[in-house]
Amino acid sequence: MIYLAPLQGVTDRIYRNLFPVYFKGVDIAIAPFLSTSKKMKSMNNLLREHYPDQNTGIPTIPQIMSSQPEDFTRLANALYDIGHGTVNWNIGCPFSMVVKKGRGAGMLCYPDRIESFLEKTMPAIKPKLSIKLRIGLKYPDEVLQLIPIFNRFPLEELIIHPRTGEQMYGGEVDLDIFAQCLNLSKHTVVYNGDIDSFEKFEMLSKRFGSIKRWMIGRSLIGNPFLAEKINFHTEKPYAEKIKIIRAFHDHLFDEYLKVLSGPSHITNKMKEIWTFMGGFFENGDKIRKKINKTHHRDNYIDVVNKVFLETQVSETQ
Ligand SMILES: Cc1cc2nc3c(=O)[nH]c(=O)nc-3n(C[C@H](O)[C@H](O)[C@H](O)COP(=O)(O)O)c2cc1C
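Here, residues in each chain are numbered from 1, in the same order as that chain's written sequence. For this predicted model, a pLDDT threshold of at least 70 governs which residues receive local features, and a threshold of 80 or more governs which side-chain atom pairs are given and counted, while totals over whole chains, interfaces and linings are taken from all residues.

(A) Structural context of the overall build of the chain. Secondary structure counts use DSSP, requiring at least four H or I residues in a row for a helix and at least two E residues in a row for a strand, with both numbered from the N terminus. Across its full length, the chain carries 14 helices and eight strands. For the chain, the spread of C-alpha atoms along the three principal axes comes to 60 × 45 × 35 Å. Residues counted as buried form 39% of the 317 residues belonging to the chain. Residues are treated as contacting if the C-beta atoms built from their backbones sit within 7 Å of each other. Across the chain, every contact between residues at least 6 apart in sequence was considered, and the portion connecting residues at least 24 apart equals 75%. Any residue with 12 or fewer other C-beta atoms within 10 Å of its own C-beta is exposed, any with 20 or more is buried, and the rest are partly exposed; the C-beta atoms used are placed from the backbone.

(B) Up close: the sheet that holds strand β1 (residues 2-4). Two strands make a pair as long as DSSP finds a minimum of two bridges between them. Taken in spatial order, the eight strands close into a barrel running β1-β2-β3-β4-β5-β6-β7-β8, and their pairing is parallel. Neighbour to neighbour, the strand axes of the sheet diverge by 30° on average, direction disregarded. In terms of strand pairing, strand β6 (residues 157-164) meets strand β7 (residues 189-192) through three bridges, oriented parallel. Its bridge partner lying in β7, L158 is registered against V189. Contacts between helix α7 (residues 175-184) and the sheet are confined to β5 (128-136), β6 and β7, with β6 contributing the most and set at about 155° to the helix. Each axis is a line fitted through C-alpha atoms, and for a helix only the stretch in contact is used; angles between axes span 0 to 180 degrees, taken between their N-to-C directions.

(C) Representation of the site of the ligand in the model. Using a C-beta atom placed from the backbone, a residue is scored as near a molecule or strand whenever that atom is within 6 Å of it. Contacts to the ligand come from 21 residues, most closely from A5, Q8, P32, G217 and R218. Breaking the shell around the ligand down by element, the ones donating at least two residues are β2 (28-35) and α9 (218-222). Under this grouping Gly is polar, as are all residues other than the nonpolar Ala, Val, Leu, Ile, Met, Phe, Trp, Tyr, Cys and Pro and the charged Asp, Glu, Lys and Arg. For the shell around the ligand, a count of residues per class yields eight nonpolar, 10 polar and three charged.

(D) Here's a closer look at the pairing of strand β4 (residues 86-91). For β4, the buried fraction is high: five of the six residues fall into the buried class. In the sheet, β4 pairs with β5 via six bridges, with the strands oriented parallel. Residue pairing across strands places N88 opposite S130, the latter belonging to β5.

(E) The environment of I2, seen in detail. Tracing the chain through its elements places I2 in strand β1. Remark: the alpha-carbon pair of I2 and L257, spanning 255 residues in sequence, is separated by 29 Å. The contact partners of I2, leaving out residues within four places of it in the chain, are G25, V26, D27, W214, I216, A227, I230 and N231.

(F) Region of interest: unusual backbone geometry. Even without being glycine, M168 reaches a positive phi, approximately 50°. M168 gets classed as exposed once you count the C-beta atoms within 10 Å, which come to 12. We note that D194 has phi near 60°; this positive angle belongs to a residue other than glycine.

(G) Representation of the packing of helix α12 (residues 263-277) against helix α13 (residues 284-292) within the structure. Closest axis-to-axis distance for the α12/α13 pair is 10 Å, and the angle between their directions is 170°. Of the possible angle classes, the one that applies to α12 and α13 is roughly antiparallel. On α13, the residues touching K271, W274 and T275 of α12 are R288, I291 and N292. With respect to orientation, any angle under 35 degrees is reported as roughly parallel, any angle over 145 as roughly antiparallel, any angle of 65 to 115 as roughly perpendicular, and every other angle as oblique.

(H) Layout of the domain arrangement of the chain. Where a domain begins and ends is set by an automatic assignment or by a domain database. Domain annotation of the chain identifies domain 1 (2-232) and domain 2 (238-316). On a C-alpha basis, the centroid separation for the pair domain 1 and domain 2 is 28 Å. Taken residue by residue, the interface counts 11 residues in domain 1 and 14 residues in domain 2. Those elements that place two or more of their residues in the side of domain 1 that touches domain 2 are α1 (13-22) and α9. Per element, the largest residue contribution to the side of domain 1 that touches domain 2 is four residues, and it comes from α1. Looking at side-chain class alone, the side of domain 1 that touches domain 2 contains seven nonpolar, three polar and one charged residues.

(I) Quick look at the environment of L75. Take L75: it is sitting in helix α3 (residues 69-81). Overall, L75 belongs to the buried group, with 22 C-beta atoms counted inside 10 Å. Between the C-alpha atoms of L75 and A31, which are 44 residues apart in sequence, the distance is 14 Å. Non-local contacts of L75, meaning those with residues more than four positions away in its chain, are made with L34, T36, L46 and I64.

(J) Inspection of helix α6 (residues 143-151) at higher detail. For α6, the set of buried residues is V143, L146, I147 and F150. Angularly, the buried residues of α6 cover 110° about the axis, an arc narrow enough to put them on a single face. Elements that come into contact with the buried residues of α6 comprise α5 (111-121), β5, β6 and α7. By construction, the arc corresponds to the directions joining the helix axis to the C-beta atoms.

Below, the structure written as structure tokens:
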């Protein structure tokens, strides 16, 4: 099973709805986190992106980031009431603003807080719970104290990204610690982190034979054909892939235009997607730079037209 990872600012409802119209092989997604905080948005606002009738694409599990059991429970139950049987708890977000407040990866070095959170929420929430975590905040073995705690609760699954919070998105994933987590855990484990090619997937699936669920983020946005290759072993010619990416891009652009007002909102949105989608092109860095310089919608469209035209021309040469 292939999971689309949550990428705040990218894998939103519109993206997840259109993705399977163009690409095969993704089975399920976790949505980018909803945050419960002091300045908690109204419940309607939080639920807005999650009504099942408007989520017609990849089946999606909502994600909540919170360190407060009461807030978490309220939101989890509201999500259940609109039709979500499972919610995911984010204890991996590494951003300093989040960590400083003891949320996201900021919880990983406090096993007692995690235990107490689960003791309070598990009996109170209506949906099933899955957890997405990193292996520690500072040290990669912090997770080894957490797995025995998780084992005491009836969790749906653990999604493990084997990096510390301090690593952010760089450095190596720690596969040895991941292996230890697998040995210790009685829960179904999902592997997440740096699956950037079919070869990498094969290497990981050989090493971790018991893993059946794989989550991919950045590289699936960069190469949306990767899940088809992994799941069905099929691959389209490059020229056809470019055509499909173009059609997907234009469809996304049209859909975002309907909900984003103001000429720079739409370009900012598309730039976030290009941060990762640029990876599909050989000269991705150059393309990203060009696109990042655009501010107005018309200018953006011109630049994108040129990018696709040049890619098609260089392909036929
Ligand atoms: C821009 C960006 C936004 C992200 N937003 C979230 C998020 O909302 N929730 C979450 O659990 N992880 C989030 N992540 C982490 C990814 O889901 C994933 O765990 C990480 O990128 C490692 O997987 P990958 O190497 O396949 O990308 C984000 C990552 C990036 C780069």
